[in-house]
Amino acid sequence: MSEPDPFRQGAPNARDAVRALRPSQIREVANAGFGVADVLPFWFGESDRVTPKFIRDAASEALAAGATFYTYNLGIAPLREALAGYVSALHGQTSPDQVAVTSAGVNALMLAAQLVVGAGDRVVAVTPLWPNLVEIPKILGASVQTVSLEYGPLGWTLDLERLLAALTPDTRLLMLNSPNNPTGWVMTRDEQQAVLEHCRRHGIWIVADDVYERLYYGDGGAHADDAGAARSAPSFLDLAARDERVICVNSFSKAWLMTGWRLGWIVAPSALMDDLSKLVEYNTSCAPSFVQQAGVVAVREGERFAQELAASLRESRDHLVSALAQIPGVDVKTPPGAMYLFFALPGAERSLDLCKSLVCEAGLGLAPGSAFGPEGEGFVRWCYACDPARLDLGVERLRRFLARR
Ligand SMILES: Cc1ncc(COP(=O)(O)O)c(C=O)c1O
């Protein structure tokens, strides 16, 4: 037997903060179903439809024209200008120097956190929540306190006083996602106003994840489209001046079905842009050049598509809610935003086990509520961004599965 090497320092482990990150429970369910031939996958946050052709054509043309080089860190000027115009139309005057292009929403969230959060900082997040918002500050050494939404007859609602009480003066950052993944909860304008004023008083940063803002089914008010529907969920951008401690994160993934393209953006005070540019340099250097060019076309020519998508998702939501409501034991409400139903059903008090059984025994792929924090236990998430006929097939599988139990 050879002697132990004195220069070896134990197993080659990652940092403690990284080792402590939660692995994806949705992935765990998907792995459990590996080998099951016929699974209906409603577990991921993505439509079953391909990106619109006019956007794909724009990328092909940009590639053919040789758009294969690095770009500026903060994005090509035409895209920053197009996005500034888009954000201005939805949320009030925004200039290109307040917009940065990112490699999708995930990267935008990481950059936003890197801008303002360091080791030992206190971060507050409203949950249940897509895990990235809770885990990203932990990668940076921050501690995260969660404030849970509450479930009742009106669906998921926020106890505003509890959130304000958690936002103590020593809090560095509030992470919020509205419309929310997984619950579909949407923060009201009044709640945003109260939170903004509180954060202003204590110098707390707000990172608002607005990636589902176009998937909103509420009242249109002043921002209605031709059919009277709202063009966007309420956003802090409607209330805050552009030089406040507010960073809004957005993405091309949801409004224009561009998940695989990895393109997004940040709206932030222009005073942050030089530092943000350095962070982009050290993370990704820039978003892909031909993808950015296609992004210009998506923003400039994709308004009708975004509105039609929201209208068809609203129909899918209503379709699925009424079908699920007929299954005994299922407690489902109609959420005002995003593209998920987060509902309770028998057996979901152990949602991970239930979802594994559903995939293996019924060929139905749902995400366990516990994947979105302990507050999500008792629920499952169903992404309804797909053909209604497939939704019906899934509902029938769920009905039979529950009847057998
Ligand atoms: C709440 C939320 N934020 C951000 C994202 C990031 O999406 P992307 O990185 O594709 O832009 C997602 C994706 O599902 C999400 O659910």
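Residues numbered from 1 in each chain as written. Predicted model: local features only at pLDDT ≥ 70, side-chain atom pairs only at ≥ 80, totals over all residues.

Enquirer: So what about the overall build of the protein? Which residues, and what values?
Expert: Tallying secondary structure elements over the protein gives 13 helices and 14 strands in all. For 405 residues, the compact-globule formula gives about 22 Å, and the C-alpha radius of gyration of the protein, at 22 Å, lands near that figure. In terms of overall dimensions, the protein has a C-alpha envelope of 75 × 60 × 50 Å along the principal axes. When the 405 residues of the protein are sorted by exposure, 47% land in the buried category. Contacts spanning at least 24 positions in sequence make up 74% of the contacts within the protein whose residues lie at least 6 apart. (Helix = DSSP H or I, 4+ residues; strand = E, 2+ residues; numbered from the N terminus. Rg over C-alpha atoms; globule rule 2.2 N^0.38 Å. Buried ≥ 20, exposed ≤ 12 C-beta atoms within 10 Å, placed from the backbone. Contact = placed C-beta atoms within 7 Å.)

Enquirer: Explain the site of the ligand to me, using residue names and the numbers behind them.
Expert: Not every one of the 13 residues close to the ligand is listed here, only the nearest: Ala104, Gly105, Val106, Ser251 and Ser253. Considering every element that reaches the shell around the ligand, the biggest residue donor is helix H5 (residues 104-116), with three residues. Classifying every residue of the shell around the ligand by side-chain character gives four nonpolar, eight polar and one charged. (Near = placed C-beta within 6 Å. Nonpolar A, V, L, I, M, F, W, Y, C, P; charged D, E, K, R; others polar.)

Enquirer: Now, about helix H4 (residues 77-91): what can you tell me, with residues and values included?
Expert: The terminal C-alpha atoms of H4, which comprises 15 residues, lie 20 Å apart, in line with the 21 Å expected from a rise of 1.5 Å per residue. Within H4, burial applies to Leu79, Arg80, Ala82, Leu83, Ala84, Tyr86, Val87 and His91. Among the structural elements, strand S2 (99-102), strand S10 (264-267) and helix H10 (289-301) are those in contact with the buried residues of H4. (Expected span 1.5 Å × (residues − 1).)

Enquirer: Pulling in residues and values, what's your account of the domain arrangement of the protein?
Expert: According to the domain assignment, the protein contains domain 1 (16-50 + 304-404) and domain 2 (53-301). Each of domain 1 and domain 2 has a C-alpha centre, and these two points are 24 Å apart. In this assembly, 31 residues from domain 1 lie in contact with 33 residues from domain 2. Those elements giving two or more residues to the side of domain 1 that touches domain 2 turn out to be helix H1 (16-19), helix H11 (303-325) and strand S11 (340-344). When residues of the side of domain 1 that touches domain 2 are assigned to their parent elements, the largest contribution, eight residues, is made by H11. Along the lines of polarity and charge, the residues of the side of domain 1 that touches domain 2 split into 16 nonpolar, seven polar and eight charged. (Domains from an automatic or database assignment.)

Enquirer: So what about the packing of helix H12 (residues 351-362) against helix H13 (residues 388-404)? Which residues, and what values?
Expert: Two elements in contact, H12 and H13, have axes whose closest approach is 11 Å; the angle formed by their N-to-C orientations is 105°. Relative to H13, H12 is oriented roughly perpendicular. Contact with H12, carried on its side by Leu358, Glu361 and Ala362, involves Arg397, Leu398, Arg400 and Phe401 of H13 and no other residues of that element. A per-class count over the contact of H12 with H13 returns four nonpolar, no polar and three charged. (Axes fitted to C-alpha atoms, helices over the stretch in contact; angles between N-to-C directions. Parallel < 35°, antiparallel > 145°, perpendicular 65-115°, else oblique.)

Enquirer: Report on helix H2 (residues 25-32), specifying residues and quantitative values.
Expert: Within H2, burial applies to Gln25, Ile26 and Val29. One face of H2 carries all of its buried residues, which in axial projection span an arc of 110°. Looking at the buried positions of H2, the neighbouring elements they touch are H12 and strand S13 (367-368). (Arc of directions from axis to C-beta.)

Enquirer: Quick one: what's the story with the environment of Val36, residue by residue and with numbers?
Expert: Tracing the sequence through the fold places Val36 in the loop between H2 and strand S1 (40-41). On a C-alpha basis, the gap between Val36 and Cys360 in space is 6.5 Å, while along the polypeptide they are 324 residues apart.

Enquirer: Tell me what's going on with the nonpolar core, and back it up with residues and numbers.
Expert: Membership of the largest hydrophobic core comes to 132 residues, with the highest contact counts inside it found for Val207, Val249, Ile266 and Val380. At eight residues, H5 tops the list of elements feeding residues into this core. Residues contacting Ile266, with those up to four places away along its chain left out, are Ala100, Thr102, Ala108, Leu111, Ala112, Ile247 and Val249. (Core = buried A, V, L, I, M, F, W, Y, C linked by C-beta atoms within 7 Å.)

Enquirer: Describe unusual backbone geometry, listing the residues and the values that go with them.
Expert: The phi angle of most residues is negative, glycine excepted, and most peptide bonds adopt the trans form. Residue Pro179 follows Ser178 across a cis peptide bond; omega there is -10°. Structurally, Pro179 is set in the loop between strand S7 (171-177) and helix H8 (189-202). At Arg262, a residue that is not glycine, the phi angle is positive and equals roughly 60°. Turning to its location among the elements, Arg262 is positioned in the loop between strand S9 (246-251) and S10. Of note in the backbone geometry, Ser285 takes a positive phi value of approximately 75° without being a glycine. Considering the arrangement of structural elements, one finds Ser285 in the loop between helix H9 (273-283) and H10.

Enquirer: Please give an account of the sheet that holds S11 that cites residues and values.
Expert: Here three strands make up an open sheet; going across it, the order is S11-S14-S13 and the pairing antiparallel. The outermost strands of the open sheet, each flanked by one partner alone, are S11 and S13. In this structure, S13 lies alongside strand S14 (residues 379-383), joined through two bridges in antiparallel fashion. Looking at the pairing, Ala367 lines up with Arg381 of S14. (Pairing = 2+ DSSP bridges.)

Enquirer: Mind laying out the sheet that holds strand S4 (residues 143-148), listing which residues take part and the relevant values?
Expert: In spatial order, the strands read S2-S10-S9-S8-S7-S3-S4; together these seven strands make up an open sheet with mixed pairing. Edge positions in the open sheet fall to S2 and S4, since each of these has one partner strand only. Pairs of neighbouring strands in the sheet enclose a mean axial angle of 20°, with direction left out of account. Along the sheet face, H5 touches S2, S7, strand S8 (205-209), S9 and S10 and points at about 165° away from the line of S9.

Enquirer: I'd love a proper account of the pairing of S4, names of residues and values included.
Expert: One ladder, built from six bridges, connects strand S3 (residues 122-127) with S4; its direction is parallel. Within S4, the residue paired with Val123 across the bridge is Val144. On the question of chirality, the crossover connecting S3 to the parallel S4 by way of helix H6 (residues 132-139) is right-handed. (Right-handed = clockwise from strand over helix to strand, strands pointing away.)

Enquirer: Explain the pairing of S7 to me, and be specific about the residues and the numbers.
Expert: Most of S7 is tucked away: five of the seven residues are buried. Strand direction decides the pairing type here: S3 and S7, joined by four bridges, are parallel. Looking across to S7, one finds that Val124 is bridged to Leu174. When S7 meets S8, the two strands line up parallel, connected through five bridges. Opposite Asn177, over in S8, you have Asp209 as the bridge partner. Considered for its hand, the β-α-β crossover made up of S7, H8 and S8 is right-handed.

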